[in-house]
Each structure stands twice: as C-alpha cells, then as structure tokens.
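Single-letter residue listing:
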Amino acid sequence: MNILKGSCHCKNIEVEVGIETDPANLQPRSCDCDFCVKHHAAYVSDPRGFLKIQYKSESLLGLYKQGTGTADFIFCKNCGILVGVIYKTPATIYGAVHSHILEANFQEEVTVSPKKLDKQAKTQRWEEVWFPDVMLGP
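Quick look at the structure, then. If you're wondering where the values come from, they're calculated on a predicted model, not measured in any experiment. (Residues numbered from 1 in each chain as written. Predicted model: local features only at pLDDT ≥ 70, side-chain atom pairs only at ≥ 80, totals over all residues. Heavy atoms only, no water.)

## Quick look at the layout of surface pockets
Our working definition: Lining residues are those with an atom within 4 Å of a point, where the points come from a 1 Å grid over the protein atoms alone and group into cavities, where a 1.4 Å probe fits but cannot get out, or pockets, open sets with protein on both sides within 12 Å along at least five of seven lines. Grid points are joined across faces, edges and corners, and a volume is the space filled by probe spheres set on the points. Here a helix means four or more residues in a row that DSSP labels H or I, a strand means two or more in a row labelled E, and each is numbered from the N terminus. Residues are grouped as follows: Ala, Val, Leu, Ile, Met, Phe, Trp, Tyr, Cys and Pro are nonpolar; Asp, Glu, Lys and Arg are charged; all remaining types, including Gly, are polar.
Of the voids in this model, the largest pocket is the one considered here, and its volume is about 430 Å³. Together, 24 residues line the largest pocket, and Cys-31, Phe-73, Pro-114, Lys-122 and Trp-126 are the ones closest to its centre. Breaking the lining of the largest pocket down by element, the ones donating at least two residues are strand E3 (29-31), helix H1 (34-38) and helix H2 (119-129). Classifying every residue of the lining of the largest pocket gives 14 nonpolar, five polar and five charged. Quantified by volume, the second largest pocket comes out at close to 150 Å³. Taken together, Lys-5, Gly-6, Ser-7, Lys-11, Glu-14, Val-15, Glu-16, Lys-52, Gln-54 and Glu-103 form the lining of the second largest pocket. For the lining of the second largest pocket, the secondary structure elements donating two or more residues are strand E1 (2-7), strand E2 (13-19) and strand E5 (50-55). Its residues placed into classes, the lining of the second largest pocket shows one nonpolar, three polar and six charged.

What follows is the structure, given as structure tokens:
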C-alpha cells in the first residue's frame, strides 16, 4: 500500500490516502463540470484503498453540493482550497481526493464527464472507483 499525504494551503484540512497503485501509474480524472473546471479539479481514488480527511477547525470545513446535490465537495473556508469529494450511503462514505493537494507525481490527467450520467449511473460509478473507506473527522 502506498501512503500519500496532502493538505489545503493553510493546513486546516489534511488528508492521508492509501492506494495500491504506484502514484506514477495513476491517472487523475479531470472532471468537466462547471464547478470542477473552475477549481481545476482532478481526482484520484482507489476502490481497494482508504481516504482519511482530518480538520483542525470544523468551522472552517466547507461542504458544497452541486449538480444533482448527491455528493459533498470539501473545501477549506480559510484558504479556499478544494480538497476532495464524498458521497454518503447509509452504510458507507465513498470519496475521491483532489490530486493537486497530494505530495505525489501522477500521470497526465484524463478528462471525464460525469455530468452526462444520470444520478443512478453517477452513484454506481462512484461506488466502483472511489475510496470505499473514508474517515472524516477532527
């Protein structure tokens, strides 16, 4: 398991991810929705890995719903950096992390277009490719 770490600019939100793939072989997915384009977001995840998101100040933890309102984008209210995205089911929290905040070198980004999928197809895809083991807390 490869352990990667990263944070928002002010370090209020820190992340740790575990991925089976060597980061040099992982291709971040650049989402083409309006929100992600404005944040230059490109996500990485591993359905066999984990994502741990910790914050120092909960009052500075921003959550934003966009599109179908199914997922929560996580950003820092202090420095404005987009950290990742989570999707909650009754049993599991799935997530992906913004590759630009991680201390790793990845392959070139590939553009994906989840906005072309309906809500059911979107959530099914998230459950297949996102981290299925997300911990969010102080």
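Still more ground to cover, so stick around.
## As for the sheet that holds E5
What counts here: Only when DSSP finds a minimum of two bridges between them are two strands counted as paired. Note on geometry: axes are lines fitted to C-alpha atoms, helical ones only across the stretch in contact, with angles between N-to-C directions running from 0 to 180 degrees.
The mixed open sheet is built from four strands, whose spatial order is E1-E2-E5-E11. Edge positions in the sheet fall to E1 and strand E11 (134-137), since each has one partner strand and no second. When strand polarity is set aside, the average angle formed by the axes of neighbouring strands in this sheet is 10°. Pairing analysis gives six bridges linking E2 to E5, with the strands arranged antiparallel. Along E5, the bridge assignment pairs Ile-13 with Tyr-55.

## Some details on the side chain of Lys-122
Short version of the rule: A simple rule labels every residue: compare its accessible area, found with a 1.4 Å probe on the protein chains alone, to the largest value its type can have, and call it buried under 20%, exposed over 50%, or partly exposed in between. In this tally, Lys and Arg are treated as positive and Asp and Glu as negative; His is ignored, and so are the chain termini. Definition used for salt bridges: Asp or Glu carboxyl oxygen within 4 Å of a side-chain nitrogen of Lys or Arg. Between two residues, a contact is recorded if the distance between any of their heavy atoms is within 4.5 Å.
By the secondary structure assignment, Lys-122 is in helix H2. Buried charged residue Lys-122 carries no salt bridge. Nearest counter-charge: Asp-118, at 8.2 Å. Beyond its immediate stretch of four places on either side in the chain, Lys-122 contacts Thr-68, Pro-114, Lys-115 and Leu-117.

## Some details on unusual backbone geometry
With the exception of glycine, most residues fall at negative phi, and the peptide bonds are largely trans. A positive phi angle, close to 70°, is found at Lys-11, a residue other than glycine. By secondary structure assignment, the location of Lys-11 is in the loop between E1 and E2. Non-glycine residue His-40 carries a positive phi angle of around 50°. Mapped onto the fold, His-40 is located in the loop between H1 and strand E4 (42-44). The class for His-40 is exposed, based on a relative accessible area of 59%.

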